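# Inside the fold
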Amino acid sequence: MRCETRLYNALNETLRRTHGIVASQFEFLSYLRDHPGSRVADLAEFFAIGVGATSKGVGRLEARSWVRRVPNPADGRSLLLELTPQGAELVEDAEGTFQEHLATHIGRSIAPAQIAELGQTLARLRATLEHGGVGTPVG
């Protein structure tokens, strides 16, 4: 966890300095880019955080005109999230910074084959934890 925290903190500062966003905003924007038609609840579930905190985070993105909430044509009671053109451009620009950051800080210590293996291992661990409901936020 300490490795992840150090990587995250360094990425946070790099994204703030380079793009004017923080890592959590980049993560939300990336998710919405990769999962069009998502709802706040989908973000909350994916990131294992509360719906209230997620909604507040989305609100901050809305205030910066990077995301908008639109009516769900399949269910008039819910809203879907979509990137604005500004949000799509921002996440595209920040993606390069993100990839470069990981390559610099992880690539110095771990060989490419080990990175792939580690990624697969962590994906299996996450799937097992999610399947078991481990760490699901309450409320």
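Just above, that's the structure.
Presented here is a report on the structure given in the accompanying data block. (Residues numbered from 1 in each chain as written. Predicted model: local features only at pLDDT ≥ 70, side-chain atom pairs only at ≥ 80, totals over all residues. Heavy atoms only, no water.)

Below, the discussion takes up the side chain of Asn12. Within the secondary structure layout, Asn12 lies in helix H1 (residues 2–19). Ignoring any residue separated from it by four or fewer positions in sequence, one finds Asn12 in contact with Ile21, Val22 and Ala23. (Helix = DSSP H or I, 4+ residues; strand = E, 2+ residues; numbered from the N terminus. Contact = heavy atoms within 4.5 Å.)

This paragraph deals with the packing of aromatic side chains. A full pass over the atoms with the stated rule returns five aromatic pairs. Ring centres of Phe28 and Phe47 lie 5.4 Å apart, and the angle between their planes is 35°; this geometry places the pair in the tilted category. With a gap of 19 residues between them, Phe28 in helix H2 (residues 23–34) and Phe47 in helix H3 (residues 40–47) connect regions that are remote in the sequence. Consider the rings of Phe46 and Phe47, whose centres lie 4.9 Å apart with planes at 90°: the pair is edge-to-face. Linked through ring pairs, Phe28, Tyr31, Phe46 and Phe47 together constitute an aromatic cluster. (Phe/Tyr/Trp six-rings, centres within 6.5 Å; stacked < 30°, edge-to-face > 60°.)

Moving on, we get to H2. Compared with an ideal rise of 1.5 Å per residue, which puts twelve residues at 16 Å, H2 spans 16 Å between its outermost C-alpha atoms and is within 8% of the ideal. Among all positions in H2, only Ala23, Gln25, Phe26, Phe28, Leu29, Ser30, Tyr31 and Leu32 are buried. Its buried side turned inward, H2 meets H1, H3, helix H4 (51–63), strand E1 (67–72), strand E2 (75–83) and helix H5 (85–107). (Expected span 1.5 Å × (residues − 1). Buried < 20%, exposed > 50% of the residue type's maximum accessible area, 1.4 Å probe, protein only.)

Within the secondary structure, Ser30 is located in helix H2. Accessibility expressed as a relative area gives 9% for Ser30, which makes it buried. Not counting chain neighbours up to four residues away, the residues in contact with Ser30 comprise Val91 and Glu95.

Despite not being glycine, Ala48 has its phi angle at roughly 55°, a positive value. Under the relative-accessibility criterion, Ala48 is labelled partly exposed at 40%.

One recurring pattern in soluble globular proteins is that nonpolar side chains are buried together. The biggest cluster of nonpolar side chains holds 20 residues, and the ones touching the most others in it are Leu29 and Val67. Residue assignment for this core shows that the elements contributing at least two residues are H1, H2, H3, H4, E2 and H5. When residues in this core are grouped by element, the largest group, six residues, is from H2. Discounting residues that sit within four places of it in the chain, Leu29 has contacts with Leu61, Trp66, Val67, Leu83, Leu90 and Val91. (Core = buried A, V, L, I, M, F, W, Y, C linked by side-chain atoms within 4.5 Å.)

Another aspect to go through is the pairing of E2. Put simply, side chains in a regular strand alternate between the two faces of the sheet. Pairing geometry for E1 and E2, over six bridges, is antiparallel. Residue Val67 lies in a different strand from E2, and its bridge partner there is Leu83. Linking E1 to E2, which pair antiparallel, is a turn of two residues. (Pairing = 2+ DSSP bridges.)

Taking 1.5 Å as the rise per residue, H1 with 18 residues should run 26 Å; its terminal C-alpha atoms sit 25 Å apart, in good agreement. Leu11, Asn12, Thr14, Leu15 and His19 are the residues of H1 that are buried. Against the buried residues of H1 lie H2 and H5. One or two residues past the end of H1 sits Gly20, with phi positive at roughly 75°.

Bear in mind that shape data such as this cannot, by itself, settle questions of function.
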